[in-house]
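Residue-level listing of the chains:
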Amino acid sequence: MKVVLPGGTGQVGTILDRALTAAGHEVTVVTRSPVRAHDIGWDGATLGRWASAIDGCDVVINLAGRSVSCRYTAENLQAMMDSRVDSARVVGEAIAAASRPPRVWLQMSTATVYAHRFDAAHDEATGVIGGSEAGVPDYWAYSVEIAKNWERAQAVAPTPATRKVALRSAMVMSPDRGGVFDVLSRLTRLGLGGPVAGGAQYVSWIHEEDFVRAVEFLISRDDLEGPVNLASPGPLPHRDFMRALRTAWGIPVGLPATRWMAELGAFALRSDTELLLKSRRVVPGRLCGAGFAFAYSEWERAAASLVQRARLVRAASSRTRGSSRVGGPAQP
């Protein structure tokens, strides 16, 4: 297949680029900073030479959007909105203008679209869209609006020959540097992997292997379109999530954090507490209903797998640094 990945240089894009290329597919990454042979440049908002990559491709997977790992200031929230809506809009324009449009357009979205709740899980049929919950910060509603507008930009695009799927993804867990698993693992190894604000809030997640397999599944299934939850069927409270991660790393204890401590930590990391405190209890109703089988449905097994791979990556990195020091130029 010919696959085009707008915004394909982030964590999720790197995962898909690596997996799809290894499977023998021809991957083109559309990025603001093209440096590799299979990269092509764009500005994320206007048509240009990059659109020629979409004309004649089989699949578009649009991942573009400003990272959510930032302080949720008014300026950053607006940048998140604009980058997501503009990129989805212009990808739709490129598909609409193509003489040979792709057969499927997978558009990244987010499980954050669902309401903050503890009592029941959200699937695509019965899940409650957020934005009107009581007792949560007002700006959380803006994150929901971003998700809704993101999906709407894809839905209204005039692309009748192209099937459209919105990927309401939970956090994708991989050992890649800078990803959420890497950040949580570093905190855990420092003894800071305890529950935050009591730890009752649910964490939805998906192992990177299942994420890739789910994307491939959705590409192959011509009968699936519209919103699809990409999340493990085993969301769990934050306290249990972090306990399993500590067990996988062999760390016996993790200091708990109150809400105000989480606010201080998020400020220091230039991130936001919504990522920690919002209860995301999301399940993959449509995937499971269509017969998709998760390789990692329980977090304990997924965490053990990811920790094992992270240790291998760290060991390989240490050997590389050691070889570089041994084989470096002689000092005068």
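Residues numbered from 1 in each chain as written. Predicted model: local features only at pLDDT ≥ 70, side-chain atom pairs only at ≥ 80, totals over all residues. Heavy atoms only, no water.

Details of the packing of helix α1 (residues 11-22) against helix α6 (residues 208-220)
Working step 1: Look at α1 against α6: their axes get within 10 Å of each other, and the N-to-C directions meet at 65 degrees. If you check the angle between α1 and α6, you find them roughly perpendicular. Crossing of α1 against α6: the hand is right-handed. Between α1, through V12, I15, L16, R18, A19 and L20, and α6, the contact on the second element is made entirely by E208, F211, V212, V215 and E216.
Working step 2: Tallied by class, the residues present in the contact of α1 with α6 amount to 8 nonpolar, no polar and 3 charged. (Axes fitted to C-alpha atoms, helices over the stretch in contact; angles between N-to-C directions. Helix = DSSP H or I, 4+ residues; strand = E, 2+ residues; numbered from the N terminus. Parallel < 35°, antiparallel > 145°, perpendicular 65-115°, else oblique. Left-handed = near helix turned anticlockwise from the far one by under 90°. Contact = heavy atoms within 4.5 Å. Nonpolar A, V, L, I, M, F, W, Y, C, P; charged D, E, K, R; others polar.)

Quick look at the side chain of D39
Working step 1: Turning to its location among the elements, D39 is positioned in strand β3 (residues 39-41).
Working step 2: By relative accessible area, which is 11% here, D39 ends up buried.
Working step 3: Side-chain polar atoms of D39 contact the backbone nitrogen of V35, separated by 3.1 Å.
Working step 4: Among the polar contacts listed, one links the side chain of D39 to the side chain of R36, at a separation of 2.9 Å.
Working step 5: Once you skip the residues sitting within four places of it in the chain, D39 turns out to touch V29, T31, S33 and P34. (Buried < 20%, exposed > 50% of the residue type's maximum accessible area, 1.4 Å probe, protein only. Polar contact = N/O pair within 3.5 Å; in protein donor to acceptor, adjacent residues only side chain to side chain.)

Focus: the packing of aromatic side chains
Working step 1: All chains considered together, the criterion is met by 7 aromatic pairs.
Working step 2: Judged by centre distance (6.5 Å) and plane angle (75 degrees), the rings of F181 and W299 are edge-to-face. A residue pair is termed long-range when its members are at least 10 positions apart, and F181 in helix α5 (residues 180-189) and W299 in helix α11 (residues 299-326) qualify at 118 residues. For the pair F181 and W299, a shared accessibility class is recorded, and that class is buried.
Working step 3: Considering the side-chain rings of F241 and W299, the 4.3 Å spacing of their centres and the 10 degrees angle between planes classify their relative orientation as stacked. You can see F241 sitting in helix α7 (residues 238-249) and its partner W299 sitting in helix α11, a full 58 residues away along the chain.
Working step 4: One aromatic cluster is present, built from ring pairs that chain together F181, W205, F241 and W299.
Working step 5: One Lys or Arg, R84, reaches over the ring of W150 and ends 4.8 Å from the middle of that ring.
Working step 6: The positively charged end of R189 is found above the aromatic ring belonging to W249, 4.8 Å away from the centroid. (Phe/Tyr/Trp six-rings, centres within 6.5 Å; stacked < 30°, edge-to-face > 60°. Lys NZ or Arg CZ within 6 Å of the ring centre and 35° of its normal.)

Let's talk about the packing of α5 against α7
If you want to describe how two helices pack, look at the angle between their axes and the distance between the axes.
Working step 1: Direction vectors running N to C along α5 and α7 enclose 70 degrees, while the axes themselves pass 10 Å from each other. Taken together, the axis directions place α5 and α7 in an arrangement best described as roughly perpendicular. Across from F181, L184, S185, T188 and R189 in α5, the residues of α7 making contact are F241, M242, L245, R246 and W249.
Working step 2: Considering only residue class, the contact of α5 with α7 consists of 6 nonpolar, 2 polar and 2 charged.

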